[in-house]
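The chain contents come next:
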Amino acid sequence: MNLPTNSTSESLNLLYSISRELVSALELRIVLQRVLSRSLEIVEASSASIIILDDKQEPVDAAIIVDGNVHDGSVERLKSTLESGLAGWVVRNREAALVQDTSVDPRWTKRGYEDDQKSAKSSLCAPLIARDQLVGVITLTHAETGYYTSQHLDLVQAIADQAAIAALNAQLFEASQRRANVMSLLVDISASITSTLELDEVLNRILEQTSRALEVDVVTLGLVDRASGDVTVQKIWGQAEIRQVGQRFSRSEGVPGWVVKHGEEVKVSDLADDERFRRDEPVKGHYAVAAAPIKTEDEVVGVLEAIKPQGEFTSDDMLLLQGISGLAGTAIRHARLFQEVQLAHARFRQLFEDSIDMIFISDWDGGILEANLEALELTRYSREELLEMQVYHFIEVDWNVVGFNFVNLRTGQRETYETYLQPSAGPSFPVEVHVHRVTIDDQDGLQWIMRDITDLRKSELLREDLTSMIYHDLRSPLANVVSGLDLIRTMVPDEEGIESVLRIAERSIGRIQRLISSLLDTSRLQAGHKITTMQPTVVQQLIAEAIETVRPAADASNFIINLDQPEDPLTMMIDADMIRRVMINLLENAIKYSPEGRHIHVTVEEKDAALSFSVQDEGRGISEEDQEHVFERFMRADLTAKRARGIGLGLAFCKLAVEGHRGRIWVESELGKGSRFTFTLPLEQ
């Protein structure tokens, strides 16, 4: 109908009825068809079209009605009007247009659905704008030129405004529906992918679910090499000429390399024609590719590709692919962690079973949870029997070491002690026990490592017997030699040369006697024997005797021994012979490891309820590495030192002797600046 002059009321009624129809529909296609139908009816148009645009002004949907017939495939047919036609002008200028004669208006482009014999028409075109967002354009035509007026244009614009809101709501509804469908699909995909922790099976399920969700026959999955950054195709679902398992891409090659480099998804309509990849991936045929990065903790670890020979991937496809790649990243990470745990568990089990020591795992009550093969063999219990037992059933727990209720072990501290193990049959045997807290398979408990030290104990007994034999078998002959020397002194003339020889022999015998005594004392102290020959001793006299013993060796090399000690006599309860030998050892070492003619400083002082003894030389010093081991048996810090000789037992004896008196000994040294050995003894023994 042609609008009358006074048509405000009628127009409002029309707009109201249109509004009611539009708000009653949420499907975009229905909304478009209703808008066109009502518009055709109101302005008496012969044809009408409406195009819906996305936020990039690209057509996403459209509808066409000609002579009451709805046409399908509208988007492709209307693209030309957006590029050079009247609809394109309206979109670019965002304002409505009235054309009285389409044959003379340069903005008009004949559409493919129009009758070629009726090219001269009148037309109305208005933009669909909602919330300042251009969502589409509507065009109506009449077979007669000059038919439409500005009133028609105002009415169409009013319809367009309502249609814009309805179209935008319909788009949002459809988008929400699509997202809901995508989320629902991703939930199902997630359940499938995460239902296993085997890495190979996880990769297979990722490919299978991607193929189903995107309805493609070919899906590839590549993983990134951390060292090189290259992507290697690990698996392919389906068959594709452009991809092979094992194929590698650098960060500057192909779609996989591009995705890894940029860390974002990419959609390629035709791989052969895309400038970004045509040079890197010369392919025969035409393929559409959608690819997304697989990330774990913001690091790209792989690429998921969907490939099809023709067509184009939609925004929904990309949303799905992006969601699947996110799920894939989590699933791959969990599978890799599970794989690492499995490998670690296998390595632990191998080490556990192959250990030459007995290993038990117990709970905090001592109940056995696990035992290795060596434990089964030496305890002579079966695994089933051990799992019903507690540690206390075959060894004695030293509560003084581990603390009541294992309190010393709860902080992660490691404890060691020796005891006896009672097997199910046969005599008990000595074991060295190492126990500490462990967590295995999320279970907190204790690990007991027990070493059979039967052979070690036998060796120690043999050593003690040998030491005692050496001491007793040599002591008597040496005593006879000393007596012989005394007898010789009374029988030979009192001449300086003979006396010198006798003194040398006596000093050598004294060294042998001290060495034998130190060897015996070292063995006894290591075995835990206490010092029993404690007696009151004047410290100044003991120091003087020690210095006098080494005086001949010091004088022979022009050493000067400086002594700094209290003048008032100091008396202590000590084993005088043992501490004297400690001082002699320290003085002899100072002479051995110092250049001739240097000073040796001996200091005795009282501090902190203890008496401190120190021997300072001016020798070459001891390295920090050697300082940690200098008090070990048979250890010598510098074998190249002038006059160095001996078996490296002296300082080990010194440490044991001092600690046997509840004292402490240490060394302070710097290479090239000499060494200072100090030991302290408590005044109250």
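Because the structure is predicted, anything quoted here is derived from the model rather than measured.

This brings us to the confidence of the model for the protein chain. The share of residues in the protein chain with pLDDT of 70 or more is 84%, and the mean pLDDT across the chain is 81. In this model, residues 637-647 is a region of pLDDT below 50 whose contacts with residues beyond four sequence positions or in other chains number 29 contacts.

Counted according to the given criterion, the structure contains 19 salt bridges. The closest approach of N and O atoms between glutamate 297 and arginine 333, which form a salt bridge, is 2.9 Å. Here glutamate 297, found in the loop between β11 (288-296) and β12 (299-308), pairs with arginine 333, found in helix α8 (residues 315-354); they are 36 residues apart in sequence, far enough to count as distant. Between lysine 673 and glutamate 670 there is a salt bridge, with its nearest N and O atoms 3.6 Å apart. Three or more residues joined by partner-sharing salt bridges are found here, namely Glu545, Asp577, Arg580 and Arg581.

A separate point is the side chain of glutamate 588. Of note, glutamate 588 is situated in helix α15 (residues 576-592). Apart from the residues within four sequence positions on either side, glutamate 588 is in contact with Arg511, Arg514 and Val550.

Below, the discussion takes up the nonpolar core. With 44 residues, the main nonpolar core has Ile543, Met583, Phe613 and Phe679 as its most contacted residues. By residue number, the principal contributor to this core is α15, which donates 10 residues. Ignoring any residue separated from it by four or fewer positions in sequence, one finds methionine 583 in contact with Leu542, Ile543, Ala546, Val602, Phe613, Val615 and Phe679. One finds Ile42, Ala45, Leu124 and Tyr147 within the second-largest nonpolar core, a separate group that totals 33 residues.

Looking now at the sheet that holds strand β21 (residues 599-607). Read across the open sheet, the five strands follow the order β19-β21-β22-β24-β23; overall the sheet is mixed. Edge positions in the sheet fall to β19 (560-564) and β23 (664-669), since each has one partner strand and no second. Strand-to-strand, the axes of this sheet are offset by a mean angle of 15 degrees, without reference to chain direction. Where β19 lies against β21, five bridges are found, and the strand directions are parallel. Bridging across to β21, isoleucine 561 finds its partner in isoleucine 600. Seen against the sheet, α15 touches β21, β22 (610-616) and β24 (675-682) and runs at an angle of roughly 170 degrees to β24.

With that settled, consider the packing of aromatic side chains. If you walk through the whole model with that rule in mind, you get eight aromatic pairs. Seen in terms of ring centroids, tryptophan 399 and phenylalanine 406 are 5.1 Å apart; in terms of plane orientation they differ by 50 degrees. Their pairing is tilted. Pairing phenylalanine 406 with tryptophan 448 gives two aromatic rings, centres 5.9 Å apart and planes at 80 degrees, and the pair type is edge-to-face. Placement of the pair is phenylalanine 406 in the loop between α11 (399-402) and β15 (415-421) and tryptophan 448 in strand β17 (residues 443-452), with a sequence separation of 42 residues. Per residue, the accessibility class of phenylalanine 406 equals that of tryptophan 448, and both read buried. Three or more aromatic residues joined by ring pairs make a cluster, and in this case those are Trp364, Tyr392, Trp399, Phe406 and Trp448. Over the ring of tryptophan 364 we find arginine 410, and its NZ or CZ is 4.2 Å from the ring centre. The ring of tryptophan 666 has arginine 664 sitting right over it, with the charged end atom 4.0 Å from the ring centre.

This next bit is on the side chain of aspartate 357. Assignment of secondary structure puts aspartate 357 in the loop between α8 and β13 (358-362). Using a relative accessible area of 9% as the deciding quantity, one classes aspartate 357 as buried. Within the structure, the side chain of aspartate 357 is placed 2.8 Å from the side chain of arginine 451, a separation counted as a polar contact. Among all residues touching aspartate 357, those that are not within four sequence positions of it are Asn372, Glu374, Ile449, Met450 and Arg451.

Our focus in this paragraph is the sheet that holds β13. With respect to topology, five strands assemble into an open sheet ordered β14-β13-β17-β16-β15, the strand pairing being antiparallel. Of all strands in the sheet, those bounded by a partner on one side alone are β14 (368-371) and β15. Strand-to-strand twist across the sheet, computed as the mean angle between neighbouring axes with direction ignored, equals 30 degrees. Where β13 and β14 come together, three bridges link them in antiparallel fashion. Following the sheet pairing, phenylalanine 360 is matched in β14 by alanine 371.

Moving on to the packing of helix α14 (residues 539-556) against α15. Here α14 crosses α15 at 35 degrees, and the two axes come no closer than 9 Å. In terms of crossing hand, the pair formed by α14 and α15 is right-handed. Listed contacts from α15 to Leu542, Ile543, Glu545, Ala546, Ile547, Thr549, Val550, Ala553 and Ala554 of α14 are Ala576, Ile579, Arg580, Met583, Ile584, Leu587, Glu588 and Ile591.

So, about the pairing of strand β16 (residues 429-440). Summarising the sheet, β15 and β16 pair through seven bridges and their orientation is antiparallel. The partner of leucine 421 across the bridge, within β16, is phenylalanine 429. Judged from the 10 bridges that link them, β16 and β17 form a sheet pairing that is antiparallel. Each residue of the ladder has a partner; that of glutamate 432, found in β17, is arginine 451. Between β16 and β17, which follow one another and run antiparallel, lie two residues, and aspartate 441 among them has a positive phi close to 55 degrees.

Take the environment of valine 259 next. For valine 259, the position within the fold is in helix α7 (residues 254-262). Its relative accessible area of 0% is what places valine 259 among the buried residues. When the C-alpha atoms of valine 259 and alanine 292 are compared, they prove to be 6.6 Å apart, with 33 residues separating the residues in sequence. If sequence neighbours within four positions are ignored, valine 259 has contacts with Glu264, Val266, Ala291, Ala292, Pro293 and Val303.

Attention now goes to α7. Along α7, seven of the nine residues are buried, which leaves the element largely enclosed by surrounding structure. Three or more residues of α7 are buried, namely Gly254, Val255, Pro256, Gly257, Trp258, Val259 and Val260. Check the buried side of α7 and you find it contacts β7 (218-224), β8 (231-237), β9 (248-249), β10 (266-268), β11 and β12. Immediately downstream of α7, the backbone of glycine 263 shows phi near 70 degrees, a positive value.

Time to look at the packing of α15 against helix α17 (residues 650-660). Two measures define how a pair of helices packs: the angle their axes make with one another and the distance between the axes. As a packed pair, α15 and α17 sit with axes 9 Å apart at the nearest point and diverge in direction by 145 degrees. Seen from above, α15 lies across α17 with left-handed handedness. For the pair α15 and α17, the contacting residues are Met578, Arg581, Val582, Asn585, Leu586 and Asn589 in the first and Gly650, Leu651, Phe653, Cys654, Ala657 and Val658 in the second. Its residues placed into classes, the contact of α15 with α17 shows eight nonpolar, three polar and one charged.

In this structure, glutamate 215 is a non-glycine residue whose phi angle is positive, near 55 degrees. With respect to the helices and strands, glutamate 215 occurs in the loop between α6 (199-214) and β7. On the basis of relative accessibility, which here comes to 73%, the residue glutamate 215 falls in the exposed class. One non-glycine residue, glutamate 297, adopts positive backbone phi at about 55 degrees.

Rules used in this analysis
- Residues numbered from 1 in each chain as written.
- Predicted model: local features only at pLDDT ≥ 70, side-chain atom pairs only at ≥ 80, totals over all residues.
- Heavy atoms only, no water.
- pLDDT = per-residue confidence, 0-100.
- Contact = heavy atoms within 4.5 Å.
- Salt bridge = Lys/Arg side-chain N within 4 Å of Asp/Glu carboxyl O.
- Helix = DSSP H or I, 4+ residues; strand = E, 2+ residues; numbered from the N terminus.
- Core = buried A, V, L, I, M, F, W, Y, C linked by side-chain atoms within 4.5 Å.
- Buried < 20%, exposed > 50% of the residue type's maximum accessible area, 1.4 Å probe, protein only.
- Pairing = 2+ DSSP bridges.
- Axes fitted to C-alpha atoms, helices over the stretch in contact; angles between N-to-C directions.
- Phe/Tyr/Trp six-rings, centres within 6.5 Å; stacked < 30°, edge-to-face > 60°.
- Lys NZ or Arg CZ within 6 Å of the ring centre and 35° of its normal.
- Polar contact = N/O pair within 3.5 Å; in protein donor to acceptor, adjacent residues only side chain to side chain.
- Left-handed = near helix turned anticlockwise from the far one by under 90°.
- Nonpolar A, V, L, I, M, F, W, Y, C, P; charged D, E, K, R; others polar.

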